[in-house]
Amino acid sequence: MSKLYRGLHELYSADPLAADERTWGRKTDPVTRRGFLKGSGLVAMSTALGASIPFADRLPAGLIPAALAATDSPFEIPGKQGLIVLNDRPVNAETPAHLLDDDITPAKHLFVRNNGVPPGGVDTAAWTLEIGGESAERTVTFTIDELKARFRHHSYALQLECGGNGRSEFVPPASGNQWTVGAVGCPEWTGVRLKDVLEEVGIRDDAVYVAYYSADTHASGNVHLVPISRGVPIAKALENESLIAWAMNGEDIPAMNGHPLRLVVGGWPGSVSGKWLKRIVIRDRVHDGPKMTGTSYRVPCKPVAPGSDVPHEDFCIIESMPVKSLVTYPRSGIEAPLGEALATRGHAWAGDRRVKAVHVSIDFGATWQRAALEKPRNRLAWQRWRASVRFPQAGYYEIWARATDDAGVRQPMVLPGWNPKGYLNNACHRIAVQAV
Ligand SMILES: Nc1nc2c(c(=O)[nH]1)N[C@H]1C(S)=C(S)[C@@H](COP(=O)(O)O)O[C@H]1N2
Ligand SMILES: [Mo]
């Protein structure tokens, strides 16, 4: 087996669906180890341990018991079957590309990116959201029921992608979660417009930025530290699609994705979409919370040579994410019958922009064919593409997909713009197919 195939098998072997698909090489047992998530996974965890956990209520949310963490079989997070766990302290898990095939990403297939420890024992009825800050006319606190009663409800499909998605391809490597391609998804979110709530409270003329504070706690256990508090320029906050959401796909947002309330600011790095939302501040300056300053979610303002040491003052804050696409069908590693057309498909998205075209190649980028491309369901939702490919003779092929946005910018074939923290890798996605 080549290195590529070994990599693919390792990546996909955690998927319990693997057993009933034709794939090359070694088959691993379905998942045997389960991650522990407070409230939802206790029974599963006890079963896996073969013992009850007397101090379960003291176990930090998301912590995987050492008895299970010590083996090297893959993890599974209850409610997130098939996701690949990259880290359990804090929990970070990504979705294999073929599990992102749905137009609207189901809750179980939305990646999890936690910077700290999620709040336990959430009481939705008692949850409050405070709106304030130096550029707010006043400070107002809302319960979730008040938000629901006082403002119009809106639902949008909004794609959410971690700024570090694709980091694993950086050379020299960048530290942080080694996401491959699956820190992205496009669920349908329901809530109220951030704009409606901010305007009700009152926005002063000197407002520059809108930022969040949340209920998760710092992984170190230090209660004085905030794991993450980020924001966006006021214009982005006031867009119609910037939501304070309580539902995902018509149900409560999953605990790991921010229940009971979160921000969803589509098209920008996922880190601006604050989960477990407790406070919003209208700022008279660029927000300076944790993970806003230094080199977090920033890239060199001008391109640098790979491995460069970049002075702090030469970094710029990431805004819109770049154009990108995924091949979500077929699953990498399948065998395709020779002589038959193979229907392939995926999604494409482009941050604040729209995708204008998607092309696919089966000859390593030498020639390209144009794929059919659907309109987004709404602004800032990903777009479905489809193409039919035919393999001329038996052997090994790759399907490559390449999207172009409405400003004419298209995905590079190889890692673009190396940067020290490993953000914004929008290189083309490739999957392997064997024609037989
Ligand atoms: N409160 C809080 N909000 C957060 C985070 C976090 O750790 N804490 N992670 C951010 C990051 S970096 C990303 S990419 C997205 C991930 O959202 P998801 O876990 O629902 O997929 O949430 C963002 N919002
Ligand atoms: Mo992120």
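Throughout this document, residue positions are counted from 1 along each chain, in the order its sequence is written. Written order determines the labels here, with chains lettered from A and ligands numbered from 1. Local features in a predicted model are, by the rule used here, given only for residues with pLDDT of at least 70; side-chain atom pairs are given and counted only at 80 or more, and totals for whole chains, interfaces and linings are based on all residues. Computation of side-chain values covers all heavy atoms of the structure but excludes hydrogens and water.

(A) Spotlight on the site of ligand 1. The local shell around ligand 1 holds 20 residues, among which Phe111, Asn115, Asp216, Arg262 and Lys275 are the closest. As used in this structure description, the phrase polar contact means that two N or O atoms lie within 3.5 Å; if the pair is within protein, one of them must be able to donate a hydrogen and the other to accept it, and residues adjacent in sequence are counted only when both atoms belong to side chains. The separation between an oxygen atom of ligand 1 and a polar main-chain atom of phenylalanine 111 is 2.7 Å. Here a nitrogen atom of ligand 1 and a backbone polar atom of serine 273 are 3.0 Å apart. Helix numbers and strand numbers start at the N terminus; a helix is a DSSP run of H or I with at least 4 residues, a strand a run of E with at least 2. Every element with two or more residues in the shell around ligand 1 is listed here: β3 (112–113) and β10 (209–214). Residue classes in the shell around ligand 1 are distributed as 8 nonpolar, 8 polar and 4 charged. We call a residue near a molecule or strand whenever a single non-hydrogen atom of that residue lies within 4 Å of it. Three residue categories are used. Nonpolar comprises Ala, Val, Leu, Ile, Met, Phe, Trp, Tyr, Cys and Pro, charged comprises Asp, Glu, Lys and Arg, and polar comprises the others, including Gly.

(B) Representation of the state of the cysteines in the model. In what follows, a disulfide is any cysteine sulfur pair within 2.5 Å. Under the defined criterion, the tally for this structure stands at 1 disulfide. The disulfide partner of cysteine 301 is cysteine 316, and the S-S distance across this bridge is 2.0 Å. Residues cysteine 301 and cysteine 316 are joined by a disulfide whose S-S torsion is about 105 degrees; by sign, that bridge is right-handed. Remark: cysteine 316 occurs in strand β17 (residues 315–317) and cysteine 301 occurs in the loop between β16 (298–300) and β17; sequence separation between them is 15 residues. Accessibility here uses a 1.4 Å probe with only protein chains present; expressed as a share of the type maximum, an area under 20% marks a residue as buried, one over 50% as exposed, and anything in between as partly exposed. Under the relative-accessibility criterion, cysteine 301 is labelled partly exposed at 40%. A relative accessible area of 34% means that cysteine 316 is categorised as partly exposed.

(C) Seen up close, the nonpolar core. What we call a nonpolar core is a set of buried Ala, Val, Leu, Ile, Met, Phe, Trp, Tyr and Cys residues that are connected through their side-chain atoms within 4.5 Å. Grouped together as the largest cluster of nonpolar side chains are 38 residues, with contacts concentrated most on Ile244, Leu261 and Ile280. Residue assignment for this core shows that the elements contributing at least two residues are β4 (128–132), β5 (140–143), α4 (144–150), α5 (194–201), β10, α6 (234–237), β12 (243–248) and β15 (277–283). If you tally residues by element for this core, the top one is α5, at 4 residues. Sequence-distant contacts of isoleucine 280, defined by excluding residues within four places in its chain, comprise Leu129, Glu130, Ile131, Gly132, Leu194, Leu198, Val210, Ala211, Ile244 and Leu263. Of all hydrophobic cores here, the second largest spans 22 residues; its members include Ala336, Ala350, Val358 and Ala371. The contact criterion used is simple: two residues touch if any of their non-hydrogen atoms lie within 4.5 Å.

(D) Structural detail: unusual backbone geometry. Cis geometry marks the peptide bond from histidine 259 to proline 260; its omega dihedral reads 10 degrees. By the element assignment, proline 260 lies in the loop between β13 (251–252) and β14 (262–264). That bond from tyrosine 329 to proline 330 is cis: its omega, 0 degrees, falls within 30 degrees of zero. Assignment of secondary structure puts proline 330 in the loop between β18 (324–329) and β19 (334–336). For asparagine 249, which is not glycine, the phi dihedral falls at a positive 55 degrees. The topology assignment puts asparagine 249 in the loop between β12 and β13. Asparagine 249 sits in the partly exposed class, given a relative accessible area of 26%. Of note, leucine 380 is a non-glycine position whose phi angle comes to about 75 degrees, a positive value. Along the chain, leucine 380 falls in the loop between β23 (372–373) and β24 (383–389).

(E) Quick peek at the pairing of β18. Most of β18 is tucked away: 5 of the 6 residues are buried. We call two strands paired when DSSP finds no fewer than two bridges between them. Pairing of β18 with strand β20 (residues 342–349), which is carried by 5 bridges, proceeds in the antiparallel orientation. Across the sheet, the residue bridging to serine 325 is alanine 348, located in β20.

(F) Spotlight on the side chain of glutamate 398. For glutamate 398, the location among the structural elements is in strand β25 (residues 395–405). A distance of 2.5 Å separates a polar atom in the side chain of glutamate 398 from a polar atom in the side chain of tyrosine 396. Here the side chain of glutamate 398 touches tryptophan 400 through a polar contact of 2.7 Å, side chain to side chain.

(G) Structural view of α5. Those residues of α5 that fall on the buried side of the exposure criterion are Leu194, Val197, Leu198 and Val201. Angularly, the buried residues of α5 cover 95 degrees about the axis, an arc narrow enough to put them on a single face. Just beyond α5, the residue with positive phi is glycine 202, at close to 110 degrees. The directions from the helix axis to the C-beta atoms form the arc being described.

(H) Summary view of the sheet that holds β15. The mixed open sheet is built from 5 strands, whose spatial order is β5-β4-β15-β10-β11. Only two strands of the sheet have a single partner each, and these edge strands are β5 and β11 (231–233). Averaged over all pairs of adjacent strands, the angle between strand axes in this sheet comes to 15 degrees, irrespective of strand direction. Taken together, the 6 bridges between β10 and β15 define a ladder with antiparallel strand orientation. Bridge pairing in β15 places tyrosine 213 opposite arginine 279. Between N-to-C directions, angles span 0 to 180 degrees; the directions come from axes that are lines fitted to C-alpha atoms, helices contributing only their stretch in contact.

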